[in-house]
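Observations on chain architecture
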Amino acid sequence: ADINLQEIHDLLISVAEEAGRMIMAATPSQLSSGTKKNSADLVTETDQAVEKMVSTRLMSAYPTFSFIGEETFVAGSTKLTEAPTFIVDPIDGTTNFVHAFPAFCISLGFVVDKIPTVGVIFNPFLEEMYTAIKGRGAYVTVHGREKLRLPLKNEPEPLKDLSTCLVGAEWGSDRSGVNFELKSKVFTKLASSKENGGAMVHSLRCMGSAALNLAAVAAGQQDIFWEGGCWAWDVAAGWCILNEAGGIMASGNPGDWKPEIDGRKYLAVRTAPSGQREIVEEFWKVIGD
Ligand code: IPD
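An account of the accompanying structure is given in this report. (Residues numbered from 1 in each chain as written. Predicted model: local features only at pLDDT ≥ 70, side-chain atom pairs only at ≥ 80, totals over all residues. Heavy atoms only, no water.)

With that settled, consider unusual backbone geometry. That bond from L150 to P151 is cis: its omega, 0 degrees, falls within 30 degrees of zero. If you trace the backbone, P151 turns up in the loop between β9 (146-149) and β10 (166-169). In the Ramachandran plot, K114 falls in the positive-phi region, its phi being about 65 degrees despite a non-glycine side chain. With respect to the element layout, K114 can be found in the loop between β5 (105-112) and β6 (115-123). Even without being a glycine, M200 presents a positive backbone phi close to 45 degrees. Positionally, M200 belongs in the loop between α4 (177-191) and β11 (203-205). (Helix = DSSP H or I, 4+ residues; strand = E, 2+ residues; numbered from the N terminus.)

Within the structure shown, the criterion is met by 8 salt bridges. With its nearest N and O atoms 3.5 Å apart, the salt bridge here joins D41 to K37. Here K37 ties to D174 by a salt bridge, and the two come within 3.7 Å at their closest N and O atoms. With K37 in the loop between β1 (34-35) and β2 (42-43) and D174 in the loop between β10 and α4, the pair connects residues that are 137 residues apart, well separated along the chain. (Salt bridge = Lys/Arg side-chain N within 4 Å of Asp/Glu carboxyl O.)

Here we come to the pairing of β6. With 8 of 9 residues buried, β6 lies mostly within the body of the structure. Pairing of β5 with β6, which is carried by 7 bridges, proceeds in the antiparallel orientation. Of the residues in β6, the one forming a bridge with S107 is I121. Here β5 folds back onto β6, and the loop between the two strands holds 2 residues, one of which, D113, carries a positive phi near 55 degrees. The sheet contact formed by β6 and strand β7 (residues 128-133) spans 6 bridges and is antiparallel. Looking at the pairing, V120 lines up with T131 of β7. Counting the residues that bridge the hairpin from β6 to β7 gives 4 residues, and of these E127 lies at a positive phi of roughly 55 degrees. (Buried < 20%, exposed > 50% of the residue type's maximum accessible area, 1.4 Å probe, protein only. Pairing = 2+ DSSP bridges.)

Further remarks concern the sheet that holds strand β14 (residues 265-269). Judged by pairing direction, the sheet is mixed, and its 5 strands sit side by side in the order β11-β10-β12-β14-β13 without closing on themselves. Both edges of this open sheet fall to β11 and β13 (248-251), since each of them pairs with a single strand only. Neighbour to neighbour, the strand axes of the sheet diverge by 25 degrees on average, direction disregarded. Here 4 bridges tie β13 to β14, and the two strands are oriented antiparallel to one another. Following the sheet pairing, A250 is matched in β14 by L267. Across the face of the sheet, helix α5 (residues 210-219) comes into contact with β10, β12 (224-228), β13 and β14 while running at roughly 155 degrees to β12. Each of β13 and β14 is contacted by helix α6 (residues 232-244), which is oriented at about 140 degrees to β13, the strand it contacts most. (Axes fitted to C-alpha atoms, helices over the stretch in contact; angles between N-to-C directions. Contact = heavy atoms within 4.5 Å.)

Taken as a whole and judged by the stated rule, the model has 15 aromatic pairs. Each ring, one from W226 and one from F283, has its centre 6.4 Å from the other, and the planes form 35 degrees; the classification is tilted. Taken together, the positions of W226 in strand β12 and F283 in helix α7 (residues 276-288) put the pair 57 residues apart, joining distant regions of the chain. Given a relative accessible area of 1%, W226 falls into the buried group. Here the aromatic cluster, defined as three or more aromatic residues joined through ring pairs, consists of Y62, F65, F86 and F110. The positively charged end of K147 is found above the aromatic ring belonging to Y139, 4.6 Å away from the centroid. Cation over ring: R277 sits above W257, and NZ or CZ is 3.8 Å from the ring centre. (Phe/Tyr/Trp six-rings, centres within 6.5 Å; stacked < 30°, edge-to-face > 60°. Lys NZ or Arg CZ within 6 Å of the ring centre and 35° of its normal.)

Another point: the site of the ligand. Around the ligand sit 14 residues in total, of which E70, D92, G93, T94 and E227 are the nearest. A distance of 2.8 Å separates an oxygen atom of the ligand from a polar atom in the side chain of E70. The contact in question runs from an oxygen atom of the ligand to an N or O atom on the side chain of D92, over 2.7 Å. Taken by itself the ligand offers 380 Å² of open surface, and the protein chains cover 89% of this. The leading source of residues in the shell around the ligand is strand β4 (residues 85-92), at 3 residues. In the shell around the ligand, the residues fall into 3 nonpolar, 5 polar and 6 charged. Taken domain by domain, the shell around the ligand gets at least three of its residues from each of domain 1 (5-149) and domain 2 (162-288). (Near = heavy atom within 4 Å. Polar contact = N/O pair within 3.5 Å; in protein donor to acceptor, adjacent residues only side chain to side chain. Areas by Shrake-Rupley, 256 points an atom, 1.4 Å probe, with all protein chains shown as cover. Nonpolar A, V, L, I, M, F, W, Y, C, P; charged D, E, K, R; others polar. Domains from an automatic or database assignment.)

Coordinates in, geometry out; function isn't part of it.
Encoded structure:
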């Protein structure tokens, strides 16, 4: 049966607004927040309460669709299929939320055949609502008033090379083993000078929310975003918004132009009249060397 994407988009916006009210009413604290796999992997009661509200509302409206949420995901048993699926992070940027650093959001993705189809990301602190429906463009609405088309620049500049890029990248919560070695290498290579074998990008930003990183690339505020280790709920909504703003998603794995939504390694590039593929290739080369 045909799925009414506009109706899903409107519901996701209403759910995001309710989540925003819950998040802004909460008083998280550094000492009372819980941890999951280690001391850098935080969760609060608000993450859990918001996910419960979101799953209840979405599942009562669409009982035959699937639902994957960060706080109820069970490794090894929760599987992404071709079915219409809501993929939800109740608070992306929980660490920022706990510290009252104003870069956290709710990320609501809707995926069909594993293709990001509707995306809604809401930063309740700044009241910025990023939205997209596949094939219908991407937008940001600020304070519920101005609705702007993404990217924010009318004429995005060509992408020349990595040395002219502002790069979003994240440490994530895996801080040991090969994954940490890879992240350390990527950060060092991107930052260091050409003489030292690096790309010497303009700078690196760690915003602390994968979804807001993707929104920033879609808006044209960051040129690229790289992360190795985040999850489908961190990227499902932002991916749709990025694509609708003319950006592309490649994989963090060299040579892979068709990343899986649950592939956990992502490289997003902003829209540009030229240079998108060249930037991806240069990035793969720099991290591979
Ligand atoms: C985290 C954020 C962070 C990223 C981590 C994610 P959470 O999500 O997106 O930027 O580096 O990999 O897990 O835990 O705040 O929902």
